[in-house]
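Structure at a glance
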Amino acid sequence: MSLYAMSSYQSKEYDYQLIKQQSKTDVELSIIVPLFNEAAVVDQFHRRLTCVLDAMSTGSEIIYIDDGSSDETWRKLQLLSQNTSEQVLIRLSRNFGKEAAMSAGIEAARGSAVILIDSDLQDPPELIPDMVDIWRKGYDIINMRRRERHGESWLKKTSAAVFYRLLNRLSDIPIPENVGDFRLLSRRVVDHINALPEKTRYMKGLFSWPGFRQKALFFDRDPRAAGETKWNYLKLLGLAFEGITSFSIQPLRLASWGGFLTATLAVLYALVIVFKALTLGIAPPGYASLMVATLFLGGVQLLAIGLLGEYVGRIFIETKQRPLYLVMKKFIKPANRRLTGVAS
Ligand code: UDP
Ligand code: MG
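I will try to describe carefully the structure that is included in this document. None of the values given here were measured: they were computed from a predicted structure.

1. As for the overall build of the protein chain
When helices and strands are tallied, the protein chain shows twelve helices and eight strands. Every one of the 344 residues in the protein chain was classed for burial, and the buried ones make up 42%. Once local pairs closer than 6 in sequence are excluded, the contacts in the protein chain between residues at least 24 apart make up 84%. Here the protein chain displays about 19,000 Å² of accessible surface, and carbon together with sulfur accounts for 64% of that area.

2. Quick word on the packing of helix 10 (residues 250-280) against helix 11 (residues 287-320)
Running from N to C, helix 10 and helix 11 point in directions that differ by 155 degrees, and their axes come no closer than 10 Å. Compared by their axis directions, helix 10 and helix 11 come out roughly antiparallel. Two packed elements cross with a definite hand, and for helix 10 against helix 11 that hand is left-handed. For the pair formed by helix 10 and helix 11, the contact residues are P251, L252, A255 and T262 on the first element and L297, A304, L307, L308 and Y311 on the second. Looking at the contact of helix 10 with helix 11 residue by residue, the classes come out as eight nonpolar, one polar and no charged.

3. Focus on the site of ligand 1
Close to ligand 1 lie 18 residues, the nearest being E38, D120, Q122, T229 and K230. In this structure, K98 approaches ligand 1 through a main-chain N or O atom, which is 3.5 Å from a nitrogen atom. Separating an oxygen atom of ligand 1 from a side-chain N or O atom of Q122 is a distance of 2.6 Å. When ligand 1 sits alone it has 530 Å² of accessible area, and the protein chains cover 94% of it. A breakdown of the residues in the shell around ligand 1 according to their chemical character gives four nonpolar, five polar and nine charged.

4. Topic: a nonpolar patch on the surface
Together, L261, L265, V267, L268 and L271 give the surface a local cluster of nonpolar side chains, amounting to about 510 Å² of exposed area. Taking relative accessible area as the criterion, L265 reaches 53% and is therefore assigned exposed.

5. A few points about the packing of aromatic side chains
Within this structure, the stated rule accounts for four aromatic pairs. Ring centres 6.3 Å apart and planes at 75 degrees place the aromatic pair F45 and Y64 in the edge-to-face group. Remark: Y64 occurs in strand 2 (residues 60-66) and F45 occurs in helix 2 (residues 42-54); sequence separation between them is 19 residues. A relative accessible area of 0% places Y64 in the buried class. Between F182 and F219 the ring centres are 5.4 Å apart and the planes differ by 80 degrees, which places this aromatic pair in the edge-to-face class.

6. What about the pairing of strand 6 (residues 179-186)?
Of all eight residues making up strand 6, eight are buried, and the element is well covered by its neighbours. Both strand 4 (residues 113-116) and strand 6 contribute to a ladder of four bridges, which runs antiparallel. Each bridged residue has a counterpart across the sheet, and for A113 the counterpart in strand 6 is S186.

7. What about helix 5 (residues 128-136)?
Along helix 5, the residues classified as buried are I128, M131, V132, I134 and W135. All buried residues of helix 5 project into a common sector of 160 degrees when viewed along the axis, lining one side. Directly beyond the C-terminal end of helix 5, a positive phi value near 110 degrees is found at G138.

Each value, and the rule that gives it
- Residues numbered from 1 in each chain as written.
- Chains lettered and ligands numbered in written order.
- Predicted model: local features only at pLDDT ≥ 70, side-chain atom pairs only at ≥ 80, totals over all residues.
- Heavy atoms only, no water.
- Helix = DSSP H or I, 4+ residues; strand = E, 2+ residues; numbered from the N terminus.
- Buried < 20%, exposed > 50% of the residue type's maximum accessible area, 1.4 Å probe, protein only.
- Contact = heavy atoms within 4.5 Å.
- Areas by Shrake-Rupley, 256 points an atom, 1.4 Å probe, with all protein chains shown as cover.
- Axes fitted to C-alpha atoms, helices over the stretch in contact; angles between N-to-C directions.
- Parallel < 35°, antiparallel > 145°, perpendicular 65-115°, else oblique.
- Left-handed = near helix turned anticlockwise from the far one by under 90°.
- Nonpolar A, V, L, I, M, F, W, Y, C, P; charged D, E, K, R; others polar.
- Near = heavy atom within 4 Å.
- Polar contact = N/O pair within 3.5 Å; in protein donor to acceptor, adjacent residues only side chain to side chain.
- Patch = residues over 30% accessible without salt bridge, like charges linked within 9 Å, V, L, I, M, F, W, Y side chains within 5 Å.
- Salt bridge = Lys/Arg side-chain N within 4 Å of Asp/Glu carboxyl O.
- Phe/Tyr/Trp six-rings, centres within 6.5 Å; stacked < 30°, edge-to-face > 60°.
- Pairing = 2+ DSSP bridges.
- Arc of directions from axis to C-beta.

Spelled out as structure tokens, the structure:
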């Protein structure tokens, strides 16, 4: 056995034993927190979250996924204070992106309800008890809808609104507008999402895909507590493209319709030219109209090929069947109920 194989084997065994040892049946709620270079907020976030969880009588676990941070995030996570919740710390081997980090979280979650929340305090942890109350009434998905997006630019708000509208127009399943990743999912929804084999994961779409009973709760999104957003417009545009191409083939259909329309117009125009040639004699061809037609058709064709390429690219990625993420380390810190003095 090679050294690499042996060490990974040993660490797997170690993880397994840890999980077996710590695994409790009283984990009812799993809070999933993806983090990428969030050293500036992690302590503050943990304090606010544990304050909320300690006041609840629900047995919970907090799953922190360090998405390959290069700052102090991982070290700080290991030093976090104990509370009434079990803490699961997962470190991915590199930055796989928020979608992959969330997938890692929902796969590790053991709770009957799972809540995804950002670590920058834009999603207030104080809303968790309300979400759990609604879940207890029998809902499977609680979507947290943003009423106000404090601290976000006009351009970001408008582009987000346009994107959600477009996505909903194109996609076959309704994807709620203005709902980010902050939401509660019931165990059966999580199981269905975990069972999906696809590798390109647009989570906001996947969360809506299983259906079941859903409810929306409105909230005002706060500005980021500290640190900087990890998304620039180019990345957001990429995510938007991924969202549309993962959930709809309407753009392909649109390209077909575009082609059909252009071909019909071309036939009509050809008839006009033939008619004119027969009745009026052959007129010298116009340079401008030829140029415009060639450029326009060239542009449309390139666009359609590019679109096709997007879908072929998705197929290419899917056929490789690579794992969504790799875990470098995983720890479980047991709940420390005595310290907090909260009866459970
Ligand atoms: N995040 C992550 N991996 C990434 C980018 C972001 O885990 O590659 C996490 C980040 O640490 C935060 C959440 O995803 O907890 C939301 O990121 P951010 O606040 O930068 O996005 P925004 O709120 O600006 O859309
Ligand atoms: Mg944020």
